[in-house]
Amino acid sequence: DDCSWCNSPDLASCGTVSDPDNWKLVRAIGSGNWFTMGDNLAGSAAYSDNGASSYNIGAFETFVPGYNQFLFISGDCADWVLASVEAVLGEYYDGAPRNACATSASPTTPSTPRWYHRDEDSPLSYLDPLVTPRDWGTSSTAQEILYVENFDGQLTSITDRNGLYVFARNAGDLDSVGCAEPDPCAAVNCESDEVCIDGECVRESRDCSALNIDEFLTDCSSEYEDVTEAITALKSFETQSTSRLDGIDAEIETITGRLDLLSAHAPGGNFPDYDNNPSSFGTDMISTQNKDLLIIGLLIINILMIIGGCIFCSFWVKSQAKYRKYGNVRNYESNDEQEKLRN
């Protein structure tokens, strides 16, 4: 599928082709004759290579599946046309303007040069398609023809331009003109561990199957087991703490209920409806907020009593220990007490 004689242009080095990527050479001529494949560029002609001046890859679809764009270019890169297959072959037309994504005459913006692709009833259909960078018949001459079949004139225009070449590619989704959608990642530089998706850098997903890290740590790391046990203990502590807090909440609700009951039986008649009539609250009644404060106060008092009891017990135990040390002999700590004993 490679041309034995072609000296096809390096599209990236041409400097004029606006989109040089992913093209496949499918047809070429060098000198002596124009394209003679006889399929009107349908891509159905068989493989051919005469070793000197004519080449056809074979069925285009076989070598470029889903191809939807053509690039016609001269060997010296001077003349070229980039257009969709639809624009070139999608229908029959006779000198009608056709959409070209870019041409050597209009390299940066789409244009509509007039070409020919006549139906089989036309006596000149064997020449078509006739593709040029500008309108054929007005501004273009044979020196700018990039594709024509079985033409018998202006043969020097082929050799003067180092041959003519036809490339095809599958450009993916095309816009309404038949041009490739701009690559949103063309100007995006991602880090080494990122890929560009729709113009944004996204970190590549890891292949976790490459290393079973859990098994490796379990078998090879003593610290991993300790960390696992610590995590388990923390989870257990969290569960116990949650349970205890739930118990404290239940006890608070019980205390609040009892306070409500006591308030309901307090002297002075019926207990006011504070929820629906807050204004009925009197200075001699306990509000919900004061209840909370009362509960907190009682808890503080209980804590202080417990601490005081502990301190008292500690001193009492120490005093008993001193007494036991001297047996039945009383230990008088002060001089005054000793003096009283002597008298």
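What you see is a predicted model, and the numbers here were worked out from it, not measured in a lab.

Provide a residue-level description of the sheet that holds strand E1 (residues 24–29), including the pertinent values.
Read across the sheet, seven strands follow the order E2-E3-E1-E9-E4-E5-E7 without closing on themselves; strand pairing throughout is antiparallel. What marks the edges here is a single partner per strand, and that holds for strand E2 (48–49) and strand E7 (102–103). Bridging between strand E4 (residues 69–74) and strand E5 (residues 80–84) involves five bridges; their strand directions are antiparallel. Bridged to Gln69 within E5 is Ser84.

Can you break down the pattern of salt bridges residue by residue, with the values?
One pass over the structure, following the stated rule, counts six salt bridges. The shortest N-O distance in the salt bridge between Glu149 and Arg27 comes to 3.8 Å. Here Glu149, found in the loop between strand E8 (114–117) and helix H4 (156–159), pairs with Arg27, found in strand E1; they are 122 residues apart in sequence, far enough to count as distant. Both residues of the pair, Glu149 and Arg27, belong to the buried class. Between Glu144 and Arg134 there is a salt bridge, with the nearest N and O atoms lying 1.9 Å from each other. You can see Glu144 sitting in the loop between E8 and H4 and its partner Arg134 sitting in the loop between E8 and H4, a full 10 residues away along the chain. If you follow the salt bridges from partner to partner, you end up with Arg27, Asp39 and Glu149 in one network.

Kindly report on the pairing of E4, identifying the contributing residues and their values.
Of all the six residues making up E4, six are buried; the element is thus mostly covered by neighbouring parts of the structure. Going residue by residue along E4, you find Gln69, Leu71 and Ile73 tucked away on one face and Phe70, Phe72 and Ser74 tucked away on the opposite face as well. Linking two consecutive strands that pair antiparallel, namely E4 and E5, is a turn of five residues; a positive phi of about 65 degrees is found at Cys77 within it. Of the strand pairs in this sheet, E4 and strand E9 (residues 164–169) are connected by six bridges, and their pairing is antiparallel. Bridging from a neighbouring strand, Phe72 pairs with Val166 of E9.

About the thresholds
Residues numbered from 1 in each chain as written. Predicted model: local features only at pLDDT ≥ 70, side-chain atom pairs only at ≥ 80, totals over all residues. Heavy atoms only, no water. Pairing = 2+ DSSP bridges. Helix = DSSP H or I, 4+ residues; strand = E, 2+ residues; numbered from the N terminus. Salt bridge = Lys/Arg side-chain N within 4 Å of Asp/Glu carboxyl O. Buried < 20%, exposed > 50% of the residue type's maximum accessible area, 1.4 Å probe, protein only.

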